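Residue-level listing of the chains:
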Amino acid sequence: MTATTQPLRLLLLGATGAVGREVLALALADPRVARVTAPTRRPLPVQNRLLNPVTDFAQLDAAAPWWQADAVVCALGTTIKLAGSQTAFAAVDRDLVIATARLARQAGATRLALNSSLGASNQGNFYLRTKAQAEDGVRALGYPSLTIVRPSLIAAERAAVRPGEVAGLWVARVLGSLVPRRYRPVAAARIARVLLDAALQGEPGDHLMESEQL
C-alpha cells in the first residue's frame, strides 16, 4: 500500500467456512483493509475493525448500510449432504452467491473475488453446473474487477467431516507427486490469500485462476 492509497472496506461472505475463516484472519491483519464486514448467522468473536451483522440469509435486507464496501470476497458454500437436497444446495452456492454479490455491487463495490470449484462447467454434473451458473451470474453483474478462483480439494480443518473430501485428501497424501498438480489439494490459507489479494488489488477485467495456478 502506498502513502496515497486509502485502506479499503471489505465485505466478506462466508466468514465461518474453512476458506472464509482464513480470509477473515488475513484481512484483519492487513493494513490495506480499513474494515471487514462479515455477515453471519451466528455472532463472531468481537475483534477490532470487524463489523459482524447477524443476518438471516433467507431474507436479505437490501437496505442494510453494511452492503457498502469497496471490495468483496465471496467464500459462500455448502455441500448437498449438509444442505439436505440439490435445491437447498443451489440456493446457497448459486442463488445466495449471486444475490449478495448483486447487493454489494448496487451499493458501490467494484472488486469481487469468488471461490468456486475445479471443473465448474455448464456441461458438468449437478455440482459443477451449479458452480458454473454462480460464476455466470456474478459475471453478469458488471464488476470492473472480477477474479474467480477454482481450487481442487481444500485442505483444511472442518467442524463437519466431509467423507468424500477426507478420502480425496488421503489418496493425495499417499500418491504425493504422482497426482497431477491440477488435482492436488490446496491449503485453505493459500486460497484465502489469493482471494484477498485479488479483491484488494482490483486488477481491471475478468480473471480466472485454476487450481494449478494457486
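Scroll up to find the structure this text is about.
Residues numbered from 1 in each chain as written. Predicted model: local features only at pLDDT ≥ 70, side-chain atom pairs only at ≥ 80, totals over all residues. Heavy atoms only, no water.

1. Some thoughts on the nonpolar core
One finds L10, L12, V19, V36, V73, I191 and L195 to be the most contacted residues of the largest nonpolar core, which totals 31 residues. Breaking this core down by element, the ones donating at least two residues are β1 (8–13), α1 (18–28), β2 (33–37), β4 (71–74) and α6 (188–201). Broken down by element, this core gets its largest block of residues, nine residues, from α6. Core analysis: the second largest hydrophobic core is formed by 25 residues, L11, A69, A104 and L112 among them. (Core = buried A, V, L, I, M, F, W, Y, C linked by side-chain atoms within 4.5 Å. Buried < 20%, exposed > 50% of the residue type's maximum accessible area, 1.4 Å probe, protein only. Helix = DSSP H or I, 4+ residues; strand = E, 2+ residues; numbered from the N terminus.)

2. Some thoughts on the side chain of T147
One can find T147 in strand β6 (residues 145–150). Setting aside residues up to four positions removed in sequence, T147 forms contacts with L112, A113, L114, A198, H207 and M209. (Contact = heavy atoms within 4.5 Å.)

3. Concerning the packing of aromatic side chains
Tallied over the full model, the rule gives three aromatic pairs. Look at W66 and W67: their rings are 4.5 Å apart centre to centre, the planes differ by 35°, and that puts the pair in the tilted class. Under the relative-accessibility criterion, W67 is labelled buried at 1%. Between F89 and F126, the ring centres sit 6.1 Å apart and the planes meet at 55°, which makes this aromatic pair tilted. Remark: F126 occurs in helix α4 (residues 126–139) and F89 occurs in helix α3 (residues 86–106); sequence separation between them is 37 residues. With a relative accessible area of 0%, F89 lands in the buried category. The ring of Y143 is capped by R105, whose NZ or CZ atom sits 5.6 Å from the centre of that ring. (Phe/Tyr/Trp six-rings, centres within 6.5 Å; stacked < 30°, edge-to-face > 60°. Lys NZ or Arg CZ within 6 Å of the ring centre and 35° of its normal.)

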